[in-house]
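Overview (structure and organization)
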Amino acid sequence: MAREGTRPVFDPAGHDGALREALQEVRAGRWMSMRTLLEQPMPWWQWTRRTQVLAAAAAGTDVVRAWRAEDPAGVAATVMQARVAVERALRAERAGHRRTHELWIEAWDAARTAAGAAPQDPVPWVCLLALARLDKKQQWKEHREPPPEPMLPAGPWGLLAEADRRDPFNREAHHRMLQFLFARASSPRLPEATGYAHRATQTAPPGSALHLLPLYVRVERYRNDGGQGAALDLHWVAEDAVREAEGALESWFARTGPAERSPLDLNHLAHALWGALLFPQAAQVFDALGPYVTPAPWQYRTAGREQAVDLFRQARARCRAAAPTPD
């Protein structure tokens, strides 16, 4: 539990000590700890999270290429090569890099290779789903398949189904689908993304991280509307905002163990409860979160990264002050 004066830190590993150790090694240019970690048995949710976090750190290095050179037939190395290639393509697209298309095709090939090497693994399909947003005109057939419901648009629904078939309600797969809808949203109201998020909460089982999807949509809507308004404004205290925050608390936070909660999801839930003026409930989430702040969603309420840390600290203190004192 982070106490009042604990300084927030940016650490994507959160409470996962083994992942933190592997990350440190990757940043130092070494891959052995990453291989040791990823070759251990683990549930799909943990495999998906760990490969995603490691890829973000490895994308600016040659560590995965060095690992693959030493172990060309290794399944974990093959999946990580796809992860890194996708991360590089997405970064290039955000930066407007001239090699974006080339990196996109390289990443698509790497993901398809990984899907063949690991046929039961959802991550290669998550990778392909992540790349769908680069096809802005939906020229690829797999990116404009009919939706599961009439109110949703055509999109990469087959890719999502492949990921879901291997790991039902895979958190990252559904977030990638949400990002695809954000990228094609036609208005600040984001109606398609909103409908998709609420559909996911209705079908997801208790404890699923999909119950937080409406919180991400609300943050995106705030960004589209300009953001950086009053610290506690009507956007966050509206009846539906309160209902979404309470729903995520009850359907996800109250029904999961600490290891399954990602720092990003905990930050979004703490932020939503604080914004909805549900301070005692938010204090519970801050306590579970510890010092692990993530830039989003706090940075969308401020002018920069450092101010986001200050806002996180202020919100945490306000919520803790309202929490009941233990007997």
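The structure reproduced in this document is the subject of the present report.

Quick notes on the rules
Residues numbered from 1 in each chain as written. Predicted model: local features only at pLDDT ≥ 70, side-chain atom pairs only at ≥ 80, totals over all residues. Heavy atoms only, no water. Helix = DSSP H or I, 4+ residues; strand = E, 2+ residues; numbered from the N terminus. Rg over C-alpha atoms; globule rule 2.2 N^0.38 Å. Buried < 20%, exposed > 50% of the residue type's maximum accessible area, 1.4 Å probe, protein only. Contact = heavy atoms within 4.5 Å. Areas by Shrake-Rupley, 256 points an atom, 1.4 Å probe, with all protein chains shown as cover. Lys, Arg positive; Asp, Glu negative; His and termini not counted. Charge placed at Lys NZ, Arg CZ, Asp CG, Glu CD. 1 Å grid on protein atoms, 1.4 Å probe; cavity = no way out; pocket = protein on both sides within 12 Å on 5 of 7 lines; lining within 4 Å. Points joined across faces, edges and corners; volume = space filled by probe spheres on them. Nonpolar A, V, L, I, M, F, W, Y, C, P; charged D, E, K, R; others polar. Axes fitted to C-alpha atoms, helices over the stretch in contact; angles between N-to-C directions. Parallel < 35°, antiparallel > 145°, perpendicular 65-115°, else oblique. Left-handed = near helix turned anticlockwise from the far one by under 90°. Core = buried A, V, L, I, M, F, W, Y, C linked by side-chain atoms within 4.5 Å. Salt bridge = Lys/Arg side-chain N within 4 Å of Asp/Glu carboxyl O. Expected span 1.5 Å × (residues − 1).

**Quick word on the overall build of the protein**
Of the regular secondary structure elements, the protein holds 17 helices and two strands. For 327 residues, the compact-globule estimate of 2.2 N^0.38 gives 20 Å, and the protein sits close to it at 20 Å. If one aligns the C-alpha atoms of the protein with their principal axes, the spans along those axes are about 55 × 45 × 35 Å. Within the protein, the proportion of its 327 residues that are buried is 52%. Taking as baseline every contact in the protein between residues at least 6 positions apart, the subset at least 24 positions apart corresponds to 68%. When the accessible surface of the protein is summed, it comes to about 15,000 Å², and 52% of that surface belongs to carbon and sulfur atoms. When the 41 basic and 38 acidic side-chain charges of the protein are each reduced to a single mean position, those positions are 3 Å apart.

**A word on the layout of surface pockets**
What the second largest pocket holds in volume is close to 220 Å³. Forming the boundary of the second largest pocket are Asp 62, Val 64, Arg 65, Gln 81, Val 84, Ala 85, Arg 88, Leu 103, Glu 106 and Ala 110. Contributions of two or more residues to the lining of the second largest pocket are made by helix H4 (63-70), helix H5 (75-95) and helix H6 (100-117). Its residues placed into classes, the lining of the second largest pocket shows five nonpolar, one polar and four charged.

**Describing the packing of helix H15 (residues 279-289) against helix H17 (residues 305-322)**
Between H15 and H17, the least distance of the axes is 7 Å, while the angle of their chain directions is 120°. In terms of orientation, H15 and H17 fall into the oblique class. Handedness of the crossing formed by H15 with H17: left-handed. Contacts between H15 and H17 involve Phe 279, Pro 280, Ala 282, Ala 283, Phe 286, Asp 287 and Leu 289 from the former and Phe 312, Ala 315, Arg 316, Arg 318, Cys 319, Arg 320 and Ala 322 from the latter. Of the residues belonging to the contact of H15 with H17, the class tally is 10 nonpolar, no polar and four charged.

**Some words on helix H7 (residues 123-131)**
Judged by how many residues are buried, H7 sits mostly within the fold: nine of nine residues are covered. When we look at burial in H7, the residues that qualify are Val 123, Pro 124, Trp 125, Val 126, Cys 127, Leu 128, Leu 129, Ala 130 and Leu 131. Close packing links the buried residues of H7 with helix H3 (44-58), H5, H6, helix H8 (157-166) and helix H9 (171-184).

**Comments concerning the nonpolar core**
By size, the foremost hydrophobic cluster in this structure holds 101 residues, and its most contacted members are Met 34, Leu 54, Tyr 196, Leu 269 and Trp 298. Of the residues forming this core, the biggest block, 11 residues, is contributed by H5. Ignoring any residue separated from it by four or fewer positions in sequence, one finds Tyr 196 in contact with Leu 152, Trp 157, Leu 160, His 174, Met 177, Leu 178, Leu 181 and Leu 213.

**Quick look at the pattern of salt bridges**
Applying the stated rule across the entire model yields 22 salt bridges. One salt bridge in this structure joins Glu 162 and Arg 165, with 2.7 Å as the shortest N-O distance. You can see Glu 162 and its partner Arg 165 sitting in helix H8, three residues apart, about one turn around the helix. With relative accessibility at 21%, the residue Glu 162 sits in the partly exposed group.

**Describing empty space enclosed by the protein**
All told, the structure shown has two cavities of 30 Å³ or more when counted by the stated rule. As a volume, the largest cavity reaches approximately 70 Å³. Lining the largest cavity, in full, are Leu 215, Arg 218, Val 219, Trp 236, Ala 241, Glu 244, His 268, His 271, Ala 272 and Ala 276. Going through the elements one at a time, helix H11 (213-224), helix H13 (239-251) and helix H14 (263-275) are the ones with two or more residues in the lining of the largest cavity.

**Structural notes on H11**
It helps to recall that an α-helix has 3.6 residues per turn; residues three or four apart then point in one direction. Over its 12 residues, H11 extends 17 Å from the first C-alpha to the last, a length consistent with the 16 Å expected when each residue adds 1.5 Å. Extensive coverage of H11 is indicated by the burial of 10 of its 12 residues. Of the positions making up H11, those classed as buried are Leu 213, Pro 214, Leu 215, Tyr 216, Val 217, Arg 218, Val 219, Glu 220, Arg 221 and Tyr 222. Contacts made by the buried residues of H11 are with H9, helix H10 (191-203), helix H12 (234-237), H13, H14 and helix H16 (295-298).

**Observations concerning unusual backbone geometry**
With omega at 5°, the peptide bond leading from Ala 296 into Pro 297 counts as cis. Assignment of secondary structure puts Pro 297 in helix H16. Here the phi dihedral of Leu 277 falls at roughly 70°; this positive angle occurs in a residue that is not glycine. Note that Leu 277 resides in the loop between H14 and H15. By relative accessible area, which is 44% here, Leu 277 ends up partly exposed.

By themselves, these observations are geometric and do not establish any function.
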